[in-house]
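Chain residues, written in single-letter form:
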Amino acid sequence: MRVGIPEKWDTEYDVVVVGWGSAGTAAAVTAHDQGAKVLILEKMADGGGNTRICGGNIIIPKGKEFIEYLDILSFQTTEREIIEIFVEEAMKNGEWIREMGGEVQVFTPLEVAYPTMIAGAGFPNVRGAETVVKYNIKGTLEEGKPSQRLWKFLSGLVAKRKIKVLTSTPAKELISSPGGEITGVIAESEGKTISIKARQAVILTCGGYENDPRMKWDYLPVKPAMFLGTPGNTGDGIRMVQKIGGDIWHMTRLSCLIGFQAPGFEAAFWVSFLSEGFIFVDKYGRRFVNEAGIEIHEYYRELSHFDVEKMEFPRVPLWAIFDEPTRRRGPLSRGTAGYNRDLYNWSLDNSAEIAKGWILQGKTAAELAGKVSVDPRILEETIARYNQYCRAGKDEDFGRAREDLRDLKPPLYAIQLWPALINTQGGPRRDKESRVLDPEGKPIPRLYAAGELGSIWGYLYQGACNIGEGLVFGRIAGKNAAAEKPRS
Amino acid sequence: MIEASRDRVWRLIGKVIFSSLSNMENVEILDENNFRAILRMKVLGLPVNMKLKGEMVDISPPDSFSVKLLIKGLGGWFQADQKVTFAMTPVEQGKTALACKATVENIGLLPRLLLLGEARRFARSTFEAIEKRLQELA
């Protein structure tokens, strides 16, 4: 932490926003429209963070019963008054987008993959689930995938206002006055350290810690966890807040799918199946879950089982075993979301990935078992048992639905999968005004946060709420920051 | 007629359509409403690969939706726009009537004469497979 005013500031603005995704945009635009001179600092060469490569959906609930739903999902990890303000403001997300010149359309997906993003609630049996409605920025595929349209719209708002953005400029430290007020930011740009004065406030919107191995090992319930999103999220905002004595919350929370970690790639590939001919087995070749019934953001719950006898996570990594029709049906890694989306074209019949050795094949279950270092007898037994359930139309072990059952016939294939983070949820604790709090619950003067950095999702996560939350608390942070009395 | 509620039929139908088209391969999900694929068919007894581009439109859960299909093949000689609409109507407690209507547009005269019958047979057999699978799962 740096205390005190530098002898000379390199530059000064009213509001400094650290991190340029959906929350950073909402914060910057709102502060700007309230009359503040705003600077955005972005660590990466381009803005967008996870916003640009996510599913692109935005929650706009259709009723206040959504408060009840989220309150239950939060399992008392987030104060109800924060959830209330979130829902009230999230109901206005569509209105805000329209005011800003955009349009939204209801998200009505083709639910054909395992797993897939669904239209409705992730937890349909919870009270208030019927209020979940997801939207995305209106447009056609020719205008981009939903997240590309979202980022085009959001970045356009910043460009239109000529808000200054410094890319490749990571913030390193917060500067505070002897009285504890945040006065500015130290950042790095082109190899130089620059001090930036914030006359009114600093807003942190720089994401979580998906690409910080140490934090992940310390906090997450499943180890190791790969990531699917931006490599730029390395917990910078968390460390900056800890250095100035801020409190943190929700650090063990995550949105987590499964992914394949290919050699030479920073991020993992999101893997899904376009046909029901697949199962998951642990390191020892045994099934452990209804593979078709896992909520898309909650895979870690099934993978975090720890075996205290063997002192290991037996399901990390796991193997997906699949059949020939599934191999031919379509690419295991979809092009709709994830950092690798624009970096690699997965072959349509998975043949290129077989050739690379990413996908292993066996003429029989026993041959495949040898390739994945599993006892052949166990894998054969697992598949025989599963096939028996398929023929009977009932999965006696894990209750996989009849429509999701198809027996597995050789040749068979295997791909190694890891827990793969969409994002982490932890970071600075904040209140309903987006103010960052200290361990006693007092706001740290002139410091705000929004988005995935210390999100309000403290237990279960409802899809489309990260973008929705970024927009809501970004707007709140921007409005409050711009209302702070400027320091001379 | 499917012995299941309309909501259940709605939840099943996307995956059932996909699984019923066992000759559809190399499916590429472009976004949540668009896909491309290869359809392996037999035309006049000969195996051919058709390029298929599909878009889900007019989605009105849990009542109906349509799939707009653009089918190309035979070295560009065959091209057709097809719209397939599925409608689900509750008829009595726990039962749902499933209707499917397919229309073909923008198809040349010769391909129409030669292939329309084939396409109709294919559409009918696919719909029967979808209905059969839904009945099994009901």
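Thresholds, definitions, all that
Residues numbered from 1 in each chain as written. Chains lettered and ligands numbered in written order. Predicted model: local features only at pLDDT ≥ 70, side-chain atom pairs only at ≥ 80, totals over all residues. Helix = DSSP H or I, 4+ residues; strand = E, 2+ residues; numbered from the N terminus. Rg over C-alpha atoms; globule rule 2.2 N^0.38 Å. Buried ≥ 20, exposed ≤ 12 C-beta atoms within 10 Å, placed from the backbone. Contact = placed C-beta atoms within 7 Å. pLDDT = per-residue confidence, 0-100. Arc of directions from axis to C-beta. Pairing = 2+ DSSP bridges. Axes fitted to C-alpha atoms, helices over the stretch in contact; angles between N-to-C directions. Core = buried A, V, L, I, M, F, W, Y, C linked by C-beta atoms within 7 Å. Domains from an automatic or database assignment. Nonpolar A, V, L, I, M, F, W, Y, C, P; charged D, E, K, R; others polar.

Trainee: Residue-level account of the overall build of chain A, with values.
Mentor: Helix and strand content of chain A: 13 helices and 21 strands. For chain A, whose C-alpha radius of gyration is 23 Å, the value lies close to the compact-globule estimate of 23 Å for 488 residues. Along the longest, intermediate and shortest principal axes, the C-alpha atoms of chain A span 75 × 45 × 45 Å. Scored against the burial criterion, the 488 residues of chain A give a buried share of 55%. Considering only intrachain contacts with a sequence separation of at least 6, the fraction spanning at least 24 residues in chain A is 75%.

Trainee: Account for the overall build of chain B, with residues named and values stated.
Mentor: In terms of regular secondary structure, chain B is built from two helices and six strands. For chain B, the sequential pattern of α-helices and β-strands runs α-β-β-β-β-β-β-α. A globule of 138 residues ought to have a C-alpha radius of gyration of about 14 Å, and chain B, at 15 Å, matches this closely. In terms of overall dimensions, chain B has a C-alpha envelope of 50 × 30 × 25 Å along the principal axes. Residues counted as buried form 28% of the 138 residues belonging to chain B.

Trainee: Report on the confidence of the model for chain B, specifying residues and quantitative values.
Mentor: The predicted model of chain B has a mean per-residue pLDDT of 86, with 96% of residues at 70 or higher. Scored as a complex, the prediction yields pTM 0.94 and ipTM 0.87.

Trainee: Which residues make up helix H2 (residues 65–74) of chain A, and what values go with them?
Mentor: Residue and element names in this part refer to chain A. For H2, the complete set of buried residues consists of Phe66, Tyr69, Leu70, Leu73 and Ser74. Angular distribution of buried residues about the axis of H2 spans 130 degrees; they occupy a single face of the element. Against helix H3 (80–90) lie the buried residues of H2. Note on H2: the residue one or two positions beyond its end, Phe75, has a positive phi of about 50 degrees.

Trainee: Now, about the sheet that holds strand E2 (residues 34–43) of chain B: what can you tell me, with residues and values included?
Mentor: Residues and elements named next belong to chain B. Overall, antiparallel pairing links the six strands, which are arranged E1-E2-E3-E4-E5-E6 in an open sheet. Looking at strand neighbours, the two that pair on one side only are strand E1 (24–31) and strand E6 (95–105), the edges of this open sheet. The average undirected angle you get between the axes of adjacent strands in this sheet is 25 degrees. Inspection of the sheet shows strand E4 (residues 64–73) paired to strand E5 (residues 78–92) by ten bridges, in the antiparallel sense. Among the inter-strand pairings, Leu70 is bridged to a residue of E5, identified as Asp81. Where helix H1 (residues 6–20) meets the sheet, its contacts fall on E5 and E6, and the angle it forms with E5 comes to roughly 155 degrees.

Trainee: With reference to specific residues and values, describe the nonpolar core.
Mentor: Residue and element names in this part refer to chain A. If you look at the biggest cluster of nonpolar residues, it comprises 165 residues, and the most contacted ones within it are Val15, Val16, Val185, Val202, Ile203 and Ala420. In terms of domain composition, this core takes at least three residues from each of domain 1 (2–211 + 229–251 + 425–483) and domain 2 (255–421). Counting five residues, the second largest nonpolar core, distinct from the first, contains Ile137, Leu150, Phe153 and Leu154.

Trainee: I'd like a description of the interface of chain A and chain B, backed by residues and values.
Mentor: Contacts between chain A and chain B engage 26 residues on the former and 22 residues on the latter. Of the residues forming the side of chain A that touches chain B, the biggest block, three residues, is contributed by helix H9 (residues 324–329) of chain A. A per-class count over the side of chain A that touches chain B returns twelve nonpolar, five polar and nine charged.

Trainee: Give me the lowdown on unusual backbone geometry, citing residues and values where you can.
Mentor: Pro317 of chain A follows Val316 of chain A through a cis peptide bond whose omega is -5 degrees. Note that Pro317 of chain A resides in the loop between helix H8 (299–303) and strand E16 (318–323). For the bond from Pro61 of chain B to Pro62 of chain B, the omega torsion is -5 degrees, close enough to zero to count as cis. Relative to the helices and strands, Pro62 of chain B resides in the loop between strand E3 (46–60) and E4. A positive phi is found at Ser434 of chain A, a non-glycine position, where the angle reads about 70 degrees.

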